[in-house]
Amino acid sequence: MFVRRQTMADGAIHDEEVLEAPARGSADELLDAGAQSDLDAMRHSTAHVMAEAVLALFPGTKLGIGPAIADGFYYDFDLGRPFTPADLEAIEARMRESVAADHPFVRREVPLADARAVAEGQAQAYKVEILDDLARRAAAAGEPPPVTSFYEHGTFSDLCKGPHVASTGRIGPFKLLSVAGAYWRGDEKRPMLQRIYGTVWASGDDLDQYLWRRAEARKRDHRRLGVALDLFSFHDVSPGSAFWHPKGQTIWRTLETAMRELQLRRGYQEISTPILVDKKLWQQSGHWDLYDANMFRLQSEDHDFALKPMNCPESTFIYRSKIRSYRDLPLRLNEYGRLHRNERSGTLSGLTRVRQFIQDDAHVYVRPDQLADEIEAMLGEVREAYSWVGLVPRFAFATKPDKAIGDPALWERAEALVKDALDRAGGDYKVKPKDGTFYAPKIDIYIDDALGREWQMATIQADLTMLPERFDLTYIDEEGSEQRPIAIHRAIYGSLERFIGILVEHFAGAFPLWLAPVQAVIIPIADRHQDPSREFAAIMRARGLRVEVDVSDGRMQNKIRVAQEQKVPYMMVVGDREAEARTASPRTRAGEQQPAEGWEELAARLAAETAARRPD
RNA sequence: GCCGACAUAGCUCAGCGGUAGAGCAGCUGUUUCGUAAACAGCAGGUCCUCGGUUCAAAUCCGAGUGUCGGCUCCA
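One structure accompanies this document, and this report is about it. All of these numbers come straight from a predicted model, not from anything done at the bench. (Residues numbered from 1 in each chain as written. Chains lettered and ligands numbered in written order. Predicted model: local features only at pLDDT ≥ 70, side-chain atom pairs only at ≥ 80, totals over all residues. Heavy atoms only, no water.)

### So, the overall build of chain A
Then comes step 1: Across its full length, chain A holds 20 helices and 30 strands.
Then comes step 2: Put simply, chain A has 616 residues, and 51% of those count as buried.
Then comes step 3: A fraction of 70% describes how many contacts in chain A between residues 6 or more apart in sequence connect residues 24 or more apart.
Then comes step 4: Surface exposure of chain A reaches about 28400 Å², of which carbon and sulfur atoms provide 50%.
Then comes step 5: Between the mean site of the 80 positive side-chain charges and the mean site of the 95 negative ones, chain A shows a separation of 3 Å. (Helix = DSSP H or I, 4+ residues; strand = E, 2+ residues; numbered from the N terminus. Buried < 20%, exposed > 50% of the residue type's maximum accessible area, 1.4 Å probe, protein only. Contact = heavy atoms within 4.5 Å. Areas by Shrake-Rupley, 256 points an atom, 1.4 Å probe, with all protein chains shown as cover. Lys, Arg positive; Asp, Glu negative; His and termini not counted. Charge placed at Lys NZ, Arg CZ, Asp CG, Glu CD.)

Pasting the structure below:
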């Protein structure tokens, strides 16, 4: 499944696992020895077999690392040139030979110094570096150099903590998937290696199912469906920025309207602030130093400006436009501001990674004693909004990163308050150390979509530093003295672009009635049914429904097919019977035929369904 | 940004040194039809851009632009 692996904790624990791992054993025994699953062990073993094949076919290749990952494995190689598709086929064939030969995996423990000598002898520079790192880490912890382990199968041997399956014959059906460049240790200043990705499963059925899931994910790809459903497009005149077509914009406005309704109920007030902002603001906020690489800058009349990458600093101008009393708080200011972030060209991707986007952003200024209640209420906002589209949020608590501004004491206080709110809201959450923003600890909200893929969506940040301190925000308390408010930054959909992209894939383009850009298509059978159809459409539109009449020259069957392909929730055929009786029997896009109803009743029923914002 | 691949009609794609093709969509005509494709005809292209090689370039080479797969899973 598309489950994201947890990142491992520190290295010391792994060293213990290494020492306890048996020299040989069944996959189950090895599992007991510390692998997350026998599947992981098998995936790791497959990576070894791939490395064996690569070394056999391309002697002198330097090995990077080759871990198991979600759904498969990879191995990084340095052979001085990229792999070709033909290389992959040859490697795969060579791997099958190794699997057929059923070589046992043998574990051998070697003192670190000896291992280093071996790796150096084989000119495996990356392995030498790994060993040196291990030695350095042990030294830093005041421990003796650890004993390392090698796993051998056939003539191949690789530095590896294990565990592995008993022999290469235990490796299930596999397939090499792709090659990609990958920097050594993810660092763009280091050499670029060639990474081969592969997948391996316990059974042929599992492999087929995985490949089917990949194919299904491709079919649901919002970039494909966005074109097919006429929602949006991208053009090289503005890379990373969507052009919204009428239907996509309808989805957008519908989501926005729903959120505005929620915000009104929760006491938010909407503001709007400029996009083009003087450098001095960004210097004051800290963005100029810490967010520099992500800002688009421009100059005019000797002034430096930047397009805003975030709305937050400007909202403080509205806060400070008058003296605030403790009675004014919480002050909830929301803004649908257009943001620009200069993402590196190679990272742009459809609607999920863009340079220009709009968030359903808000900044809520609270007294410290109000923070936990407010955050708890926001978690409720998230649950409500996500229920409209059938998503269930999960929460993660992200703490202070290394690159941060502000007084450490304030950070400590902010983290304690956020944690308190999370605990009070109940439910599980995981902790992501050092994953906060440079100005605030935060709660990140994740969902799993219909294909089980995890996405990061909303965020709630408790800021005691950037806005309150740097912009000197105050309120007057009961005693008449000045106090600092806390600023909560919060977005629920997050970026509307990204949210819609995820929804397209989640629903495979079949949006629920309340969100569908066209909610119903009325299909006249013959030309004489066009006027009655228009009359019916007018009744539907009077109820606020988004309805089209298909007056094209096609046959009814074809019109149904087109509406099906456009994933329109309801189709209403109008022929002699319907025109006469002023009724319609809706056909759903699931192919279900509903009983005939009068035009007025049907319009009222669909309008009520729309207002309910149900996710199905 | 870096590595690799790709870029042909609105869409999906074929053609891979010798004057540009299909299906769908579009337009026109015929058809007026009961719940997933009526029939016929027509039109549609600086083959991403710029430069080079060649008698000849969509095709080969180079540069640029954009898109896609990655660069975050740490023996």
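### Overview of the protein's contact with RNA strand B
Then comes step 1: Residues in close proximity to RNA strand B total 56 residues, the closest being C160, G186, M192, S345 and E578.
Then comes step 2: A distance of 3.0 Å separates a phosphate oxygen of RNA strand B from a polar side-chain atom of R223.
Then comes step 3: Between a sugar or linking oxygen of RNA strand B and a side-chain N or O atom of R587, the distance comes to 2.8 Å.
Then comes step 4: Taken together, the elements giving at least two residues each to the surface near RNA strand B come down to α6 (125-140), β5 (147-153), β7 (174-183), β8 (192-200), α18 (556-565) and α19 (576-581). (Near = heavy atom within 4 Å. Polar contact = N/O pair within 3.5 Å; in protein donor to acceptor, adjacent residues only side chain to side chain.)

### So, α6
Then comes step 1: Between the first and last C-alpha of α6 there are 22 Å, a value that for 16 residues agrees with the 22 Å anticipated at 1.5 Å per step.
Then comes step 2: Every buried residue of α6 is listed here: Y126, K127, V128, I130, L131, D133 and A138.
Then comes step 3: The inward-facing, buried residues of α6 abut β1 (62-63), β3 (72-78), α5 (112-121), β5, β6 (156-159) and β8.
Then comes step 4: One or two positions beyond α6, positive phi appears at G142, with a value near 70°. (Expected span 1.5 Å × (residues − 1).)

### Some details on the nonpolar core
Then comes step 1: L255, I375, Y386, I443, Y493, L503 and F511 are the most contacted members of the largest nonpolar core, which totals 61 residues.
Then comes step 2: It is helix α13 (residues 371-387) that contributes the most residues to this core, eight residues altogether.
Then comes step 3: One finds A47, F77, L79 and F105 within the second-largest nonpolar core, a separate group that totals 28 residues. (Core = buried A, V, L, I, M, F, W, Y, C linked by side-chain atoms within 4.5 Å.)

### A few points about the pattern of salt bridges
Then comes step 1: Enumeration according to the criterion identifies 50 salt bridges in this entry.
Then comes step 2: For R260, the salt bridge goes to E270, with nearest N and O atoms at 2.6 Å. One end of the pair, R260, is in helix α9 (residues 246-265); the other, E270, is in strand β11 (residues 269-270), with ten residues separating them in the sequence.
Then comes step 3: With a closest N to O distance of 3.3 Å, K442 and D444 form a salt bridge. Assigned by exposure class, K442 and D444 land together as buried. (Salt bridge = Lys/Arg side-chain N within 4 Å of Asp/Glu carboxyl O.)

### A look at the pairing of strand β21 (residues 454-463)
Then comes step 1: Counting buried residues in β21 gives nine out of ten residues, a clear majority hidden from the surface.
Then comes step 2: Where strand β20 (residues 442-448) and β21 come together, six bridges link them in antiparallel fashion. Residue pairing across strands places I443 opposite I460, the latter belonging to β21.
Then comes step 3: The antiparallel pairing of β20 with β21 creates a hairpin that spans five residues between the two strands, and G452 there sits at a positive phi of about 80°.
Then comes step 4: Summarising the sheet, β21 and strand β24 (residues 486-495) pair through five bridges and their orientation is antiparallel. Within β24, the residue paired with Q461 across the bridge is H489. (Pairing = 2+ DSSP bridges.)

### Digging into α9
Then comes step 1: Here α9 spans 28 Å end to end across 20 residues, near enough to the 28 Å set by a 1.5 Å rise per residue.
Then comes step 2: All of the buried residues along α9 are K247, G248, I251, W252, T254, L255, E256, A258, M259, L262 and Q263.
Then comes step 3: Where α9 terminates, the next one or two residues include G267, which has phi positive at roughly 85°.

### A word on the side chain of H153
Then comes step 1: You can see H153 is positioned in strand β5.
Then comes step 2: For H153, the side chain forms a polar contact with the side chain of E52, separated by 2.8 Å.
Then comes step 3: With near-sequence residues (within four places) excluded, H153 lies in contact with H48, V49, E52, S98, H103, P104, F105 and T168.

### Some remarks on the side chain of K442
Then comes step 1: Along the chain, the position of K442 falls in strand β20.
Then comes step 2: A residue is classified by how much of its surface remains accessible, and K442, at 12% relative accessible area, is buried.
Then comes step 3: For K442, the side chain forms a polar contact with the side chain of D444, separated by 3.3 Å.
Then comes step 4: Excluding anything up to four places from it in sequence, K442 contacts A396, F397, A398, D435, G436, T437, T459, I460 and Q461.

### Some details on the packing of α9 against helix α16 (residues 496-506)
Then comes step 1: The contact between α9 and α16 brings their axes to 11 Å, and the two run at 110°. It follows that α9 is roughly perpendicular to α16 by the angle criterion. Facing I251, W252 and L255 of α9, the residues of α16 in contact are L496, E497, F499, I500 and L503.
Then comes step 2: Taken together, the residues of the contact of α9 with α16 sort by class into seven nonpolar, no polar and one charged. (Axes fitted to C-alpha atoms, helices over the stretch in contact; angles between N-to-C directions. Parallel < 35°, antiparallel > 145°, perpendicular 65-115°, else oblique. Nonpolar A, V, L, I, M, F, W, Y, C, P; charged D, E, K, R; others polar.)

### A short note on the environment of R338
Then comes step 1: Tracing the chain through its elements places R338 in strand β16 (residues 338-340).
Then comes step 2: Classification of R338 by relative accessible area gives partly exposed; the value is 37%.
Then comes step 3: As for R338 and S272, which are separated by 66 residues in sequence, their C-alpha atoms are 9.7 Å apart.
Then comes step 4: Not counting residues up to four positions away in its chain, the partners in contact with R338 are I275, K308, Q356, F357 and I358.

### Concerning the packing of helix α17 (residues 530-542) against helix α20 (residues 599-612)
Then comes step 1: Viewed as axis vectors pointing N to C, α17 and α20 meet at an angle of 40°, and their least axial separation amounts to 9 Å. On the basis of their axis angle, the class for α17 and α20 is oblique. Seen from above, α17 lies across α20 with right-handed handedness. Mapping the contact onto sequence places P532, E535, F536, I539 and M540 in α17 and W599, E600, L602, A603 and L606 in α20.
Then comes step 2: Of the residues in the contact of α17 with α20, the class split is eight nonpolar, no polar and two charged. (Left-handed = near helix turned anticlockwise from the far one by under 90°.)

### Regarding the packing of aromatic side chains
Then comes step 1: Under the criterion given, the structure shown has 16 aromatic pairs.
Then comes step 2: For the ring pair W201 and Y210, a centre distance of 5.3 Å and an interplane angle of 35° mean the geometry is tilted.
Then comes step 3: Relative accessible area serves as the criterion here: at 7%, Y210 is assigned to the buried category.
Then comes step 4: Members of the aromatic cluster, joined through ring pairs, are F58, Y75, F77 and F83.
Then comes step 5: Between the NZ or CZ atom of R324 and the centre of the ring of Y319, over which it lies, the distance is 5.5 Å.
Then comes step 6: A cation over an aromatic ring shows up here: K430 above the ring of Y446, its NZ or CZ 5.5 Å from the ring centre. (Phe/Tyr/Trp six-rings, centres within 6.5 Å; stacked < 30°, edge-to-face > 60°. Lys NZ or Arg CZ within 6 Å of the ring centre and 35° of its normal.)

### A look at the sheet that holds strand β27 (residues 570-574)
Then comes step 1: Taken in spatial order, the four strands of this open sheet run β26-β25-β27-β29, and their pairing is mixed. Each end of this open sheet is capped by a strand with a single partner; those strands are β26 (547-549) and β29 (587-588).
Then comes step 2: Inspection of the sheet shows strand β25 (residues 520-524) paired to β26 by three bridges, in the parallel sense. Note that in β26 the partner of I522 across the bridge is V549.

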